[in-house]
Amino acid sequence: MIKLKDKYFKPFLNEEEILAAVSKIAQEIAKDYKDKTPIFVGVLNGSFMFVSDFLKAYSHPCEVSFVKLSSYQGLTSTGIVETLLDLPDNIDGRSVIILEDIIDTGRTLKELIDLFANTKVKEFKIATLFYKPDIYNGEYKIDYVGLEIPDKFIVGYGLDYNELGRNLKKVYQLNQDRMINLVLFGKPGAGKGTQAEFLKEKYNLKHISTGDVFRYNIKNGTELGILAKSYIDRGDLVPDEVTINMLQDEVEKNPDASGFIFDGFPRTTAQAEALDNFLSSKNMEISATIALDADDEVLIKRLLERGKVSGRSDDQDENKIRNRFEEYNLKTAPLQKYYEGQEKYHAVNGIGEIIEITERLSLVIDML
Ligand code: AMP
């Protein structure tokens, strides 16, 4: 699995498979054109690797040139095709063979055909390394095809996603069904919120901190805030029913998220069960629970420091902090067994530089 910008791609074709398709086209064209010195016209940018390997596999007299059109932006074809680099001018009376990296809807192809319609070439043929029969509009005959592929977005071997991935030797396809849902687990002060800020950027996830949502509601004097305040002020847990409903609302607010980081939730077995049921009703699941391990004494120091800047009353009083630890030991710690039972529990050392800890977490996430 590789990541380009915000998307994940999984291996689709290896180098041998690609080169076999290239040499198949070269042989077919050689059969028809070996005595005709054709001009091969590569369509930039995507075809540059294909043209290069194709020419190495084509051992008869030929010339080569390029045109440049542009239609892809992001993952879908925009439908607007621009001519960025025009045809060579020595093509009158010649046999021209277009080398495309991929033909999908056929829009770029139409533009190419229009380009040649105004010239005096003897003939022109179309060769494409990859071809998506499921979505091709069928308007023109494609003369040489390397490989038929399903309608999946692909990158590598010259093809890009937002200009990235052209240098990959293999071809990868978009992995659409990969959703990462993480539970960050650990005592108050373990660094869950800090790490979530980094991980959400790195993995394009939505961060939900139940503590933050409660504090937001308290600040705004909502009904939920008023209800939660007394519990939070004492360092007790807010009742499950309230917390579970709130968490579900937060998930529902983000239907397009490519995954979530749950920070400070679940904190009880009832919450963990509710989360599993809720996610499975949406065809989702927890990918992993990762604990940040740290000693109580380190955590107490951290929380008291944080309390000085954040103004959080539950961080300023050592008795309240100790009460939160007791709540944790009593109600939250048993979740380790719960997630171990599901083979989803991982723990990393939560002591060290912030960036080191992010790396420890990333090692776990990258293996998922
Ligand atoms: P946190 O910011 O995660 O340390 O949470 C601060 C406080 O919010 C906790 O001490 C609880 O009172 C309350 N809280 C946050 N998340 C939960 C939860 N999942 N269940 C119950 N109470 C919670």
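Residues numbered from 1 in each chain as written. Predicted model: local features only at pLDDT ≥ 70, side-chain atom pairs only at ≥ 80, totals over all residues. Heavy atoms only, no water.

### Some points on the sheet that holds strand β1 (residues 2-4)
For clarity, the threshold we go by: Between any two strands, at least two bridges found by DSSP are needed for them to pair. Only DSSP runs of H or I reaching four residues or more are called helices, and only runs of E reaching two or more are called strands; each is numbered from the N terminus.
Taken in spatial order, the four strands make up an open sheet running β1-β2-β10-β9, and their pairing is antiparallel. What marks the edges here is a single partner per strand, and that holds for β1 and β9 (154-155). Across three bridges, the pairing between β1 and strand β2 (residues 7-13) is antiparallel. Counterpart to Lys 3 in the pairing with β2 is Tyr 8.

### Considering the nonpolar core
Quick note on the threshold: We call a set of buried residues a nonpolar core when its members are Ala, Val, Leu, Ile, Met, Phe, Trp, Tyr or Cys and they connect through side-chain atoms within 4.5 Å of each other. Whether a residue is buried, partly exposed or exposed follows from its accessible area with a 1.4 Å probe, protein chains only, as a fraction of its type maximum: under 20%, in between, or over 50%, in that order. Any two residues whose heavy atoms approach within 4.5 Å are treated as being in contact.
With 27 residues, the main nonpolar core has Ile 29, Phe 50, Phe 54, Leu 99, Leu 129, Phe 130 and Tyr 157 as its most contacted residues. Breaking this core down by element, the ones donating at least two residues are α1 (15-33), α2 (48-57), β6 (95-103) and β7 (123-131). Element by element, the count of residues in this core is highest for α1, at eight residues. With residues up to four places along the chain from it excluded, the contact list for Leu 129 reads Ile 18, Ala 21, Val 22, Ile 25, Phe 50, Glu 100, Asp 101, Gly 146, Leu 147 and Tyr 157. Counting residues in hydrophobic clusters, the runner-up holds 23 residues, among them Tyr 8, Ile 300, Val 348 and Val 364.

### Considerations on the site of the ligand
To keep things clear, this is the line we draw: In these notes, residues near a molecule or strand are those with any non-hydrogen atom within 4 Å of it. Two N or O atoms count as a polar contact when they lie within 3.5 Å, although within protein this holds only if one can serve as hydrogen donor and the other as acceptor, and sequence-adjacent residues are included solely when both atoms are side-chain atoms. The method behind every accessible area is Shrake-Rupley, applied with a 1.4 Å probe, and residues are considered shielded solely by the protein chains displayed.
Among the 15 residues in the neighbourhood of the ligand, the closest are listed as Thr 210, Asp 236, Gly 264, Arg 267 and Gln 271. A distance of 3.0 Å separates a nitrogen atom of the ligand from a polar backbone atom of Val 238. Interatomic distance of 2.8 Å between a side-chain N/O atom of Gln 271 and a nitrogen atom of the ligand. Notes on the ligand: free accessible area 480 Å², of which the protein chains cover 97%. At four residues, the largest contribution of residues to the shell around the ligand is made by helix α5 (residues 210-219).

### Description of unusual backbone geometry
The omega angle of the peptide bond from Leu 44 to Asn 45 is -5°, so this bond is cis rather than trans. Within the secondary structure, Asn 45 sits in the loop between β3 (39-44) and α2. A cis amide bond links Phe 265 with the next residue in sequence, Pro 266, at an omega value of -5°. Mapped onto the secondary structure, Pro 266 falls in the loop between β13 (259-263) and α8 (269-281). A positive phi is found at Thr 37, a non-glycine position, where the angle reads about 40°. Inspection of the secondary structure assignment puts Thr 37 in the loop between α1 and β3. In the Ramachandran plot, Glu 343 falls in the positive-phi region, its phi being about 55° despite a non-glycine side chain. Summarising the element assignment, Glu 343 is placed in the loop between α11 (335-341) and β15 (345-349).

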